[in-house]
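# Fold and geometry: a report
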Amino acid sequence: MNPLNRILAATDLSAPARHAAERAAQVSKDTEAALDLLHVANLAPLERLRQLMGATPADMERRVLDTARQRLIDLAAALQQRFGVAAGTQVVAGSLLDELARETRARPTGLLVCGAKGESLVRHFVLGTTALRILSTTPCPVLVVKQPPHEPYRRLLVPVDFSPSSLRAIHQARRIAPRADIVLLHAFDVPFEGRLRYASVDEDTIHHYRIVAKQEAIQKLNALRDAARLDPYRCSLIVLHGDPTMRIVEQEQERDCDLIVMGKHGENLLEALLIGSVTKHVLAESQCDILISV
């Protein structure tokens, strides 16, 4: 398993984004990965203010970027004092998504960290497909931070479907939280259960199919745990019948997990995050942080 090399934390300098920067610093401390902070200033909304102030575009851009640069330097200093991590800082003007794509392509990045509110990647997940197109070509996982970090991640919930992406999700989970316990969850449905009911198949028969499906899933889950070389004493296996989104959010609360790791499902990341996908619903409904694996 390759070590995490570089973490890029995108921040709009708001309070939720500060939590994301703090979590990025915590992960940097735990993994010894380099940390860079990036602020992308969108100058388009300031055009009317510039006109009222009688400033030139160059003057307005300089003022905004100078202010943001100082705030980012102050944030880096606070992170170094709290976590002992020296973070690089970069402030640019432009589009958040375009600059993130450019930055992650320009320098190898093992993890992109952002907040769940404000001018963040999550807003673009919900409102449009631009972020999906960019992430489909960005090779690094994305950590979406919803909670202020008080300690390293303790327990990770990793929903799996036994596709190749499941093993990658586990490896990336261990990469950012090497000392956390892991809960592997598989939610299943009986194939064609709705059609069986429509065909008036009795409940006892359907229940039998559920038992068989659960036993097969347990065997696959054990094999996946062994393939990932997880410590059996630090790893729990859960197989539940029902809707994956409901089961994920339910187990997040019941198992007191502080990070959900969503593996890539389907042929590409764009398919994984389309409207109605499990990933998008978990992003919206869960309480804890989420790592979107690729």
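Description of the structure in this document. (Residues numbered from 1 in each chain as written. Predicted model: local features only at pLDDT ≥ 70, side-chain atom pairs only at ≥ 80, totals over all residues. Heavy atoms only, no water.)

What the rule picks out here adds up to zero disulfides. With no disulfide of its own, Cys257 lies closest to Cys288 among cysteine sulfurs, the gap being 6.8 Å. Overall, Cys257 belongs to the buried group, its relative accessible area being 7%. (Disulfide = S-S within 2.5 Å. Buried < 20%, exposed > 50% of the residue type's maximum accessible area, 1.4 Å probe, protein only.)

With that settled, the discussion passes to the pairing of strand E1 (residues 6-10). For a regular strand, the rule is simple: side chains alternate between the two faces of the sheet. Of all the five residues making up E1, five are buried; the element is thus mostly covered by neighbouring parts of the structure. Burial along E1 is two-sided: the face carrying Arg6, Leu8 and Ala10 and the face carrying Ile7 and Ala9 are both buried. Bridge count for E1 against strand E2 (residues 34-41) is five bridges, and the pairing is parallel. Counted as the bridge partner of Leu8 is Asp36 from E2. (Helix = DSSP H or I, 4+ residues; strand = E, 2+ residues; numbered from the N terminus. Pairing = 2+ DSSP bridges.)

Our next topic: the pairing of strand E5 (residues 142-145). Burial along E5 is two-sided: Val142 and Val144 facing one way and Leu143 and Val145 facing the other are all buried. In this sheet, E5 lies alongside strand E4 (residues 111-115) in parallel orientation, the contact comprising four bridges. Within E5, the residue paired with Cys114 across the bridge is Val144. Across three bridges, E5 lies against strand E10 (residues 289-292) in antiparallel orientation. When the bridges of E10 are listed, Leu143 appears paired with Leu291.

It is worth spelling out the packing of aromatic side chains at this point. This structure, assessed with the given rule, holds zero aromatic pairs. The side chain of Arg23 reaches across the aromatic face of Tyr153, ending 3.8 Å from its centre. (Phe/Tyr/Trp six-rings, centres within 6.5 Å; stacked < 30°, edge-to-face > 60°. Lys NZ or Arg CZ within 6 Å of the ring centre and 35° of its normal.)

This part takes up the side chain of Glu99. One can find Glu99 in helix H4 (residues 96-106). Owing to a relative accessible area of 15%, Glu99 belongs among the buried residues under this scheme. Within the local environment of Glu99, its side chain forms a polar contact with the side chain of Arg102, the two groups lying 2.5 Å apart. Among residues more than four places away in sequence, those in contact with Glu99 are Val40, Val92, Ala93 and Gly94. (Polar contact = N/O pair within 3.5 Å; in protein donor to acceptor, adjacent residues only side chain to side chain. Contact = heavy atoms within 4.5 Å.)

Here the focus is unusual backbone geometry. The phi torsion at Glu32 lies on the positive side, around 65°, for a residue other than glycine. Tracing the backbone through its elements, the reader meets Glu32 in the loop between helix H1 (15-31) and E2. With a phi close to 55°, Asp256 is a non-glycine residue in the positive phi region. Within the secondary structure layout, Asp256 lies in the loop between helix H10 (244-254) and strand E9 (259-262).

Turning next to H10. Residues Thr245, Ile248, Val249, Gln251 and Glu252 constitute the buried set of H10. Considered in projection along H10, the buried side chains sweep an arc of 165° and stay on one side of the axis. Of the exposed residues in H10, the ones pointing more than 90 degrees away from its buried face are Met246 and Glu254. In the core, the buried residues of H10 are packed alongside strand E6 (155-159), strand E7 (181-188), strand E8 (235-241), E9 and helix H12 (278-285). Sitting at the head of H10, Asp243 places a side-chain oxygen 3.2 Å from the backbone nitrogen of Thr245. Positive backbone phi, approximately 55°, marks Asp256, located one or two places after H10. (Arc of directions from axis to C-beta.)

Right, let's get into the environment of Leu240. Locating Leu240 in the fold gives a position in strand E8. Residue class for Leu240 comes out partly exposed when judged on its relative accessible area of 22%. Leaving out residues up to four positions away in the same chain, Leu240 has contacts with Leu185, His186, Ala187, Phe188, Arg247, Glu250 and Gln251.

What follows concerns the layout of surface pockets. Taken as a whole, the second largest pocket encloses approximately 280 Å³ of empty space. Lining the second largest pocket we find 17 residues, and of these Gln147, Arg154, Cys257, Asp258 and Cys288 sit closest to its centre. Taken together, the residues of the lining of the second largest pocket sort by class into six nonpolar, four polar and seven charged. (1 Å grid on protein atoms, 1.4 Å probe; cavity = no way out; pocket = protein on both sides within 12 Å on 5 of 7 lines; lining within 4 Å. Points joined across faces, edges and corners; volume = space filled by probe spheres on them. Nonpolar A, V, L, I, M, F, W, Y, C, P; charged D, E, K, R; others polar.)

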